[in-house]
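One letter stands for each residue in the lines below.
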Amino acid sequence: MTALDPSATEHRSPLARRAFLRGASAGAAVTAGALAGAFAAAAEPQSAGPSGRRIPFHGPHQAGITTPQQDAASFVSFNVIAPDRAGLSELLRTLTERIRLLTSGGPVPATDLASPPTDSAILGPVLPADGLTITVSVGASLFDDRYGLTARKPAKLVAMPVFPDDNMLGSKELHGDLSLQICADSRDTVMHALRDITRHTRGGMQPSWKADGFHAAPRPSGTPRNQLGFKDGISNPEIDDRTVADSVLWTHGGANGEPAWVEGGSYQVVRIIRMLVEFWDRVSLREQERMIGRRRDSGAPLDGTGESDAPDFQSDSQGLLTPMNSHIRLANPRTPDSAGQRFLRRGYNYDRGLDLDGNLDVGLIFCCYQQDVERQFQTVQQRLAGEPLVDYISPTGGGYFFTLPGAKGPSDWLGSTLLS
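In this text the structure is predicted, and so the values were computed from the model without any measurement.

Quick notes on the rules
- Residues numbered from 1 in each chain as written.
- Predicted model: local features only at pLDDT ≥ 70, side-chain atom pairs only at ≥ 80, totals over all residues.
- Heavy atoms only, no water.
- Phe/Tyr/Trp six-rings, centres within 6.5 Å; stacked < 30°, edge-to-face > 60°.
- Helix = DSSP H or I, 4+ residues; strand = E, 2+ residues; numbered from the N terminus.
- Buried < 20%, exposed > 50% of the residue type's maximum accessible area, 1.4 Å probe, protein only.
- Expected span 1.5 Å × (residues − 1).
- Polar contact = N/O pair within 3.5 Å; in protein donor to acceptor, adjacent residues only side chain to side chain.
- Contact = heavy atoms within 4.5 Å.
- Salt bridge = Lys/Arg side-chain N within 4 Å of Asp/Glu carboxyl O.
- Axes fitted to C-alpha atoms, helices over the stretch in contact; angles between N-to-C directions.
- Parallel < 35°, antiparallel > 145°, perpendicular 65-115°, else oblique.
- Left-handed = near helix turned anticlockwise from the far one by under 90°.
- Nonpolar A, V, L, I, M, F, W, Y, C, P; charged D, E, K, R; others polar.

### Here we look at the packing of aromatic side chains
Here comes step 1: In the structure shown here, the tally under the stated rule is 10 aromatic pairs.
Here comes step 2: Plain terms: the ring middles of Phe230 and Trp280 are 6.2 Å apart, the flat faces sit at 70° to each other, and that makes the pair edge-to-face. In this pair, Phe230 sits in the loop between strand S6 (205–214) and helix H5 (242–248) while Trp280 sits in helix H6 (residues 277–280), placing the two residues 50 residues apart along the sequence. Both residues of the pair, Phe230 and Trp280, belong to the buried class.
Here comes step 3: Ring geometry for Trp280 versus Tyr392: centroids 5.4 Å apart, planes at 75°, classification edge-to-face. Taken as a pair, Trp280 in helix H6 and Tyr392 in the loop between helix H9 (374–383) and strand S11 (393–403) lie far apart in primary sequence, 112 residues in all.
Here comes step 4: Owing to a relative accessible area of 0%, Trp280 belongs among the buried residues under this scheme.
Here comes step 5: Given a relative accessible area of 2%, Tyr392 falls into the buried group.

### What about helix H4 (residues 187–200)?
Here comes step 1: Between its first and last C-alpha, H4 extends 21 Å over 14 residues, near the 20 Å set by a 1.5 Å rise per residue.
Here comes step 2: For H4, every residue scored as buried is listed here: Thr189, Val190, His192, Ala193, Leu194, Asp196, Ile197, Thr198 and His200.

### A word on the side chain of Asp316
Here comes step 1: Examined against the element boundaries, Asp316 turns out to sit in the loop between helix H7 (285–292) and helix H8 (327–331).
Here comes step 2: In this structure the side chain of Asp316 is engaged in a polar contact, spanning 3.1 Å, whose partner is the backbone nitrogen of Leu321.
Here comes step 3: Discounting chain neighbours no more than four positions away, the residues touching Asp316 are Leu321, Thr322 and Arg329.

### Structural notes on unusual backbone geometry
Here comes step 1: In this structure, the amide linkage connecting Arg219 to the following residue, Pro220, adopts the cis form with an omega of 0°.
Here comes step 2: Position of Pro220 among the secondary structure elements: in the loop between S6 and H5.
Here comes step 3: The backbone of Ala121 sits at a positive phi, close to 70°, despite the residue not being glycine.
Here comes step 4: Residue placement: Ala121 occurs in the loop between strand S2 (106–107) and strand S3 (126–127).
Here comes step 5: Accessibility expressed as a relative area gives 48% for Ala121, which makes it partly exposed.
Here comes step 6: Of note, the phi angle at His175 is positive, near 60°, even though the residue is not glycine.
Here comes step 7: Here His175 falls in the partly exposed class, since its relative accessible area comes to 28%.

### Considering the pattern of salt bridges
Here comes step 1: Evaluated as defined, the whole model comprises 18 salt bridges.
Here comes step 2: Residue Asp177 pairs with Arg146 through a salt bridge whose shortest N-O separation is 3.1 Å. Of this pair, Asp177 sits in the loop between strand S4 (133–138) and strand S5 (178–184) while Arg146 sits in the loop between S4 and S5, and the two are 31 residues apart along the sequence.
Here comes step 3: Judged by relative accessible area, which is 6%, Asp177 ranks as buried.
Here comes step 4: Between Arg271 and Asp166 there is a salt bridge, and its shortest N-O distance comes to 2.8 Å. With a gap of 105 residues between them, Arg271 in strand S7 (residues 266–275) and Asp166 in the loop between S4 and S5 connect regions that are remote in the sequence. Grouping residues by exposure puts Arg271 and Asp166 together as buried.

### Considering helix H3 (residues 85–104)
Here comes step 1: Here H3 contains 20 residues, and its C-alpha end-to-end distance of 29 Å stays within 8% of the 28 Å for a straight helix at 1.5 Å per residue.
Here comes step 2: Counting buried positions over the 20 residues of H3 gives 15, a clear majority of the element.
Here comes step 3: Measuring from the backbone nitrogen of Ala86 back to the side-chain oxygen at the start of H3 gives 3.3 Å, which picks out Asp84 as the cap.
Here comes step 4: Among the residues trailing H3, Gly105 stands out with phi positive, at a value near 75°.

### Brief notes about the packing of H3 against H4
Here comes step 1: Between H3 and H4, the shortest axis-to-axis distance is 10 Å and the interhelical angle comes to 150°. What the angle tells us is that H3 and H4 run roughly antiparallel. The chirality of how H3 crosses H4 is right-handed. Residue-level inspection shows Thr94, Leu95, Arg98, Ile99 and Leu102 of H3 in contact with H4, the latter providing His192, Ala193, Asp196, Ile197 and His200.
Here comes step 2: For the contact of H3 with H4, the class distribution of residues is 5 nonpolar, 3 polar and 2 charged.

Spelled out as structure tokens, the structure:
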């Protein structure tokens, strides 16, 4: 198969913070077959790379969802420009081929001096697998009338709505036909994978926006911290339990109005959330902890002693210990109704340097996966509207996507059930 061608110094009022927020936002084709042979030859006892991790590509679900988080990530949205359905099929086949090869690692095929190199060489002559996963999802816009897929759209896939506290006006980082979540144990491995994929798919899709993130090391232990200094992701569901994963993560064909082809997929939400740390750093520790609902040092809930302790909201029905409008209480009130609204968080911190006003542009690339984006993420987000934390965070971009079922074997490809 031929690859596709080519700041303020004092604590301010909420109105002042919101005003600040508004102002601050003021090649040559290479055959996959030739490369496949070279990579396959080295796929046996070769080193898995600097991290020693090689993540299996094949399976009923894509890697990069339940995979333990790698250190570096890029979330990249694309506009699909394939001319027709056959071109879309070729794009997805090529994309699958590249991911299969890149996640396996191996020596780069030799290039004669008169030809363009077969690889960028930023990782050297032997590609490390380096814990690389590349997770492919599609947006609602792919299901317009271009490719005859309107009737096959996942039941809950829509363009991400603008929520009450969002700052999306004029954002250029919204939605997309197709998204890639590229994660690895080294930043340069992520960069290499993106360069390789864009080179081989240039005739089928064009990048629209990109957000780069890093996974902080636990300090001192347990769950890593976000840019507000609090541990983030403590109460994720136990997806190692297959029953939990089947009810929280994976879509099932024919259930809940879903088309048959979605079996093994999942809904992905990406949110770029800027954190106004200059203001946050001037808030008292007590106020910070009451807004979040946890101790900053240990991550414990305000009525507990360790980060893994479950808050007892029933015994605190008046919010004397954990305020009723604290983040953890609104996000998960731990009632029978909210039990079905949990989702798997897989976010990354980001640092984009300084904005035009000289303020730190840092925050969170919030990412989560779930079976039903309306029942799970969207319900929780609506409950969080107006929480005290909104004076210190500003969602500026992102989108809803549907993560395709996995490629089950060497002859399968991502999107095969969608286009069959």
